[in-house]
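Report on the structure
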Amino acid sequence: MPRHRLFVASLLALSLAAAACHGKKPPVARPTQPPPESEMPAARPPAPPEPIAEPRPVTVPPEPSVSSADMGSLDDINKKGILQPVFFELDRIEISSEGQAVLAKNAETMKQYPTWIVSIEGHCDERGTAEYNLALGERRALSVRQYLVTLGIASDRLRTVSYGKEFPFDPGHTESAWARNRRANFVVTAK
Amino acid sequence: MMTIRSSFIVPTSTLGGALLLSLITLGAADRQQPPPTPQQRQEGSGIITSGSGSNPKLAVPDFIAATPDAETKAIATTIGEVLWNDLKFEREFYMIPRDTYQSIPPAPSLEAIPFDRWRELGADGLVIGSVRKNGTAVTVEVRLFNVAARNAAFAKEYSGTAANPRLFAHTISDEIHKLQRNLIGVARTKLTFSSDRDGERIKGTVYDRKIKEIYIADYDGANPRRITVNRSLNINPVWSSDGKAIAYTSYRRANFPDIFVQRIYDGTPPESPAHGTDRIHNFLPAWSPDGTRIAFMSNRDGNPEIYVMNADGSNLRRITRQPGIDATPSWSPAGNQIAFTSDRSGSPQIYTVDAEGLQQPRRITSDESWADRATWSPAPYNEIAYAGRTGPGFDIKIFNVATGITQLLTHGEGSNESPAFSPTGRHLAFTSTRLGNQHIFIVGRDGEGLIQVTKEGNNFTPNWSR
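Residues numbered from 1 in each chain as written. Chains lettered and ligands numbered in written order. Predicted model: local features only at pLDDT ≥ 70, side-chain atom pairs only at ≥ 80, totals over all residues.

**Quick notes on the overall build of chain A**
Let me state the cut-off plainly: The helix count covers DSSP runs of H or I at least four residues long, the strand count covers runs of E at least two residues long, and both are numbered beginning at the N terminus. The burial label depends on the number of other C-beta atoms within 10 Å of a residue's C-beta. Counts of 20 or more mean buried, 12 or fewer mean exposed, and intermediate counts mean partly exposed, with C-beta atoms placed from the backbone. With C-beta atoms placed from the backbone, a contact is any residue pair whose C-beta atoms sit within 7 Å.
What chain A contains, in helices and strands, is five helices and five strands. Starting at the N terminus and ending at the C terminus, chain A contains elements arranged as α-β-α-β-α-β-α-β-α-β. Residues classed as buried in chain A amount to 34% of the 191 residues present. Taking the contacts inside chain A whose residues are at least 6 apart along the sequence as the reference set, 72% of them involve residues at least 24 apart.

**Brief notes about the sheet that holds strand β23 (residues 371-376) of chain B**
Residues and elements named next belong to chain B. Condition: At least two bridges found by DSSP between two strands is the condition for calling them paired. Axes here refer to lines fitted to C-alpha atoms; in helices the fit is confined to the stretch in contact. Angles between the N-to-C directions go from 0 to 180 degrees.
With antiparallel pairing, four strands are arranged side by side in an open sheet as β23-β24-β25-β26. In the strand order of this sheet, the two ends are held by β23 and β26 (406-408), each with one partner. The sheet shows a mean angle of 30° between the axes of neighbouring strands, direction not considered. Taken together, the eight bridges between strand β24 (residues 383-390) and strand β25 (residues 393-400) define a ladder with antiparallel strand orientation. Note on β25: the bridge partner recorded for Glu383 is Asn400.

**Topic: the sheet that holds strand β19 (residues 326-331) of chain B**
The strand order across the open sheet formed by four strands is β19-β20-β21-β22 (chain B), and the pairing between neighbours is antiparallel. Each having just a single partner strand, β19 and β22 (362-363) of chain B make up the two edges of the open sheet. For strand β20 (residues 337-342) of chain B and strand β21 (residues 349-354) of chain B, the ladder comprises six bridges, and the chain directions are antiparallel. The residue of β21 of chain B that forms the bridge with Gln337 of chain B is Asp354 of chain B. With respect to the sheet, helix α4 (residues 130-150) of chain A is in contact with β19 and β20 of chain B, its orientation differing from that of β19 of chain B by roughly 140°.

**A closer look at the domain arrangement of chain B**
Residues and elements named next belong to chain B. This is how it is decided: Domain start and stop points were drawn from an automatic or database domain assignment. Ten residues, namely Ala, Val, Leu, Ile, Met, Phe, Trp, Tyr, Cys and Pro, are considered nonpolar, four, namely Asp, Glu, Lys and Arg, are considered charged, and the remaining ones, Gly among them, are considered polar.
According to the domain assignment, chain B consists of domain 1 (45-181) and domain 2 (190-464). Between the C-alpha centres of domain 1 and domain 2 there is a distance of 37 Å. Listed by partner, the interface residues are four residues for domain 1 and five residues for domain 2. A class-by-class count of the residues in the side of domain 1 that touches domain 2 yields one nonpolar, one polar and two charged.

**Things to note about the pairing of strand β4 (residues 158-162) of chain A**
All names here are of chain A. We apply this condition: Convention used here: a crossover is right-handed provided that the path from the first strand, over the helix, to the second strand proceeds clockwise when the strands point away from the viewer.
Most of β4 sits inside the fold, with five of its five residues counted as buried. Burial along β4 is two-sided: Leu158, Thr160 and Ser162 facing one way and Arg159 and Val161 facing the other are all buried. For the crossover that starts at strand β3 (residues 117-122), traverses α4 and ends in the parallel β4, the hand is right-handed.

**A word on the environment of Ser50 of chain B**
Residues and elements named next belong to chain B. Structurally, Ser50 is set in the loop between α1 (15-29) and β1 (57-59). Residues Ser50 and Pro423 lie 373 residues apart in sequence; the distance between their C-alpha atoms is 28 Å. The residues contacting Ser50, other than those within four sequence positions of it, are Asn55, Pro56, Lys57 and Asp124.

**Some words on α4 of chain A**
Residue and element names in this part refer to chain A. Formally: Expected helix span is given by 1.5 Å per residue-to-residue step, counting one fewer step than there are residues.
With 21 residues, α4 extends 31 Å from end C-alpha to end C-alpha; this agrees with the ideal 30 Å at 1.5 Å per step. With 16 of 21 residues buried, α4 is to be regarded as a mostly interior element. In the segment just after α4, Gly152 is the residue with positive phi, at about 100°.

**Side note on the nonpolar core**
In a soluble, globular protein the nonpolar side chains are often hidden away together inside. This is how the line gets drawn: A set of buried residues qualifies as a nonpolar core if it consists of Ala, Val, Leu, Ile, Met, Phe, Trp, Tyr and Cys joined through C-beta atoms within 7 Å.
Ranked by internal contacts, the top residues of the largest apolar core, which has 99 residues, are Leu191, Ile246, Ala247, Phe296 and Ala429 of chain B. Considering every element that reaches this core, the biggest residue donor is α4 of chain A, with nine residues. Sequence-distant contacts of Ile246 of chain B, defined by excluding residues within four places in its chain, comprise Thr192, Ile214, Ile227, Pro237, Val238, Trp239, Gln262 and Ile264 of chain B. Leu58, Val60, Ala76 and Val82 of chain B belong to the second-largest nonpolar core, a separate cluster that totals 42 residues.

**Comments concerning unusual backbone geometry**
Residue and element names in this part refer to chain B. Residue Ala379 is joined to Pro380 through a cis peptide bond whose omega torsion reads 10°. Mapped onto the elements, Pro380 comes out in the loop between β23 and β24. Backbone geometry at Asn236 places phi at a positive 55°, although glycine is not the residue there. On the basis of neighbour count, Asn236 is assigned to the buried category, with 29 C-beta atoms found within 10 Å. Phi at His275 takes a positive value of approximately 55°, unusual for a residue other than glycine. Among the structural elements, His275 can be located in the loop between β14 (258-263) and β15 (282-287). For His275, a count of 15 C-beta atoms within 10 Å gives the class partly exposed.

What follows is the structure in structure tokens.
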């Protein structure tokens, strides 16, 4: 190629490259012939490296806990077990005759202390799935609350909460451990 | 989320050489031309094949440390290992075992690959890269070589932090699957799950109870990170479809269960679209595939029923009307049906119903004594995985909605529960007690290629992001 033509061509190439640098320049492959088979590809390709990044999750501080007044003597009431639990058959929510007797006594106690607010926790043994047991615990708690209402306890004194199989009372893996865990548990939450 | 600009490069000789080649082109035309279209690849160098119809055989040795310090070497080793595992996971390639590479001397650079030695080992393709460290940043140049043709079918350069070398491997794996096998890989997806691994307890009025918090981890279990710090019971997490939020059941507020939606990269306080109160309790959220709605279980009408709401809590609709238990909803791939558990026949069984709750639910389990936790596959599959009771524990079963055939995914190794499909439907995550503690495993949809994901504590109800 004549020298002056090479000069013009290189000016042209440089100005094109310069034009490409202005404004938005998307990463562009420089299209060239692939190297002949015998020649090893050398050095770094000209396009900018692709950035890799991943966000990191941010935890949120816990909400301030709701404190109920006079927790000390509430602890005493609950530790004494004045309100007794009711137990259930496997996968069932029916209240047995023993359960009915317990609930009759609990209702009597609650009438003696008309300011008490009570939470009925529904619990299950470990053998069902964690997911279904949330529902079964819910039905057990609701079943007990319903029964207490028929015994004359005002429903706004009775909260329910299902814990499924999340909080077993007995960590064992025997029939007797399981029987202890299938329960509606009473917790006095306010007096 | 990952910010990736797609930039394809063809390996060239020196920059000067490239300029010279374009000069010659321009000189010949002697006028301004649009950039020439990328050259056609040499025949046989574009897609790696085995030549025999079986899966192509790939080798992935440790990457090359371009800077000679220990940290770069460690990063290069990690990328090689993780990439080999990522490629093996999808079973689109036969991965040549790494202990057979010992006889091949490590290449000093990408320009000095001993192709003959790799050919002897039977490799159709070789994935190798070069790692350069600049302070806390790392640049990785990677090649997928066609070993027989001795040239690169794929070449790319990536930059990022040195703190997460695995992410380079995951990105490269997804790219290779996309370009070579026309497959969406899952190497950059994540699992969320609940765990008691931090040993936290809540002291109630009488009881001292072990609780769970929500975590995320890479799909292979690396980089576990805790999402909730509220020191109460947190369970059943599920990813939103954009992967930026997790919905879960939590007892964080005054100890009653409600659904919380937490945008995990924002640090903003979680929202409770189902508006739980001390009386209205909400559990078991499930995002619709298009991310606009959440199905869930609630006691608001007096017993556990299935409801659907928009993700912001509006447009609440009741789906089931049955005085017993209706629980654990899961959406069909098209988002027009919901699978769920109901005890209306006397024991927990799996049903499907339209997502408006207008039609009678249809029971799909016919041979189970006890079934729960339906999880409907993503498209293109149309299957419902669930936990079915087998003996004292459970096994994961997969019901094919079109054929009505049910297959076992697990076979009595401990108790196996809480199945979750990967976003492509090619794998499932689930929990198993086969090792004693409750751990999360991932496995191919045919039951092959089991990998243990969690290693500490007890871990529950996994869910797999896109």
